[in-house]
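Descriptive structure summary
The residues making up each chain are set out below.
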Amino acid sequence: MFYIDRRNARRQMTIKFVKEDKEVVSAQGANLREKALQNKVDIYTFKGKLMNCGGYGQCGTCLVEIVEGMGNVSPRTDFEQRVLKKKPDNHRLACQTLVNGPIAVVTKPK
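Residues numbered from 1 in each chain as written. Predicted model: local features only at pLDDT ≥ 70, side-chain atom pairs only at ≥ 80, totals over all residues. Heavy atoms only, no water.

With an unreviewed UniProt entry as reference, the protein chain is termed Ferredoxin, source organism Crocosphaera watsonii WH 8501. In the Cofactor (unreviewed entry) part of its UniProt record, the protein chain is described as follows: "[2Fe-2S] cluster". Recorded in UniProt for the protein chain, the comment headed Sequence similarities (unreviewed entry) runs: "Belongs to the adrenodoxin/putidaredoxin family." (UniProt positions renumbered as here; feature names shortened; annotations may be inferred.)

**What about the pairing of strand 1 (residues 12-17)?**
Burial of strand 1 is one-sided: the residues Met13, Ile15 and Phe17 facing one way are buried, the residues Gln12, Thr14 and Lys16 facing the other way are not. The pairing of strand 1 with strand 2 (residues 22-27) spans six bridges and is classified as antiparallel. Residue pairing across strands places Thr14 opposite Val25, the latter belonging to strand 2. Taking the residues between adjacent antiparallel strands as the criterion, strand 1 and strand 2 are bridged by four residues, where Asp21 takes a positive phi near 50°. (Buried < 20%, exposed > 50% of the residue type's maximum accessible area, 1.4 Å probe, protein only. Helix = DSSP H or I, 4+ residues; strand = E, 2+ residues; numbered from the N terminus. Pairing = 2+ DSSP bridges.)

**Description of the sheet that holds strand 5 (residues 91-93)**
What the five strands build is an open sheet, ordered 2-1-7-4-5; its pairing is mixed. In this open sheet, the two edge strands, each paired with only one partner strand, are strand 2 and strand 5. Here the average twist between neighbouring strands, direction ignored, is 35°. Note that strand 4 (residues 63-68) and strand 7 (residues 103-107) share four bridges and pair antiparallel. What sits directly across from Val64, in strand 7, is Thr107. (Axes fitted to C-alpha atoms, helices over the stretch in contact; angles between N-to-C directions.)

**Considerations on the pattern of salt bridges**
By the definition in use, this model includes four salt bridges. One salt bridge in this structure joins Lys49 and Asp42, with 2.9 Å as the shortest N-O distance. Note on Lys49: relative accessible area 47%, which makes it partly exposed. A single salt-bridge network, built from bridges that share partners, covers Asp42, Lys49 and Lys108. (Salt bridge = Lys/Arg side-chain N within 4 Å of Asp/Glu carboxyl O.)

**Considering the layout of surface pockets**
Here the largest pocket defines a volume of roughly 180 Å³. Surrounding the largest pocket, 13 residues form its lining, Thr45, Gly48, Gly60, Thr61 and Leu63 being those nearest its centre. When residues of the lining of the largest pocket are assigned to their parent elements, the largest contribution, three residues, is made by helix 2 (residues 46-51). Considering only residue class, the lining of the largest pocket consists of five nonpolar, four polar and four charged. (1 Å grid on protein atoms, 1.4 Å probe; cavity = no way out; pocket = protein on both sides within 12 Å on 5 of 7 lines; lining within 4 Å. Points joined across faces, edges and corners; volume = space filled by probe spheres on them. Nonpolar A, V, L, I, M, F, W, Y, C, P; charged D, E, K, R; others polar.)

**What to know about the nonpolar core**
The tendency in soluble globular proteins is for nonpolar side chains to be buried side by side. Counting residues in each nonpolar core, the largest one holds 22 residues, and the members touching the most others are Ile15, Phe17, Leu32, Ile103 and Val105. Within the residue set of this core, elements represented by two or more residues are strand 1, helix 1 (32-38), strand 4 and strand 7. Sequence-distant contacts of Ile103, defined by excluding residues within four places in its chain, comprise Thr14, Ile15, Lys16, Leu32, Ile66, Glu68, Gly69, Asn72 and Val73. (Core = buried A, V, L, I, M, F, W, Y, C linked by side-chain atoms within 4.5 Å. Contact = heavy atoms within 4.5 Å.)

See the structure below:
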């Protein structure tokens, strides 16, 4: 007999990468950058590919735009507040964003 302990099961949801027309399934609380890279979604511009910090929240090159489900992501970190102060509220750094529900993301926004 197969038994699932639902008390400890993490809620599953989808992350839609709009430009790539790709949906990935993720557990609640997943890091957006990690899920993108695991699913071969390119989040970096040319400059970002050369100069990214590897997901430590130091460089600001993993910029994405949350186009649906803004309430399903973690709040901006202090670093994001400083780096993205002139960007709209729905622009986030993928390495600093935790996903808690279904979202749609535009990579490399203008």
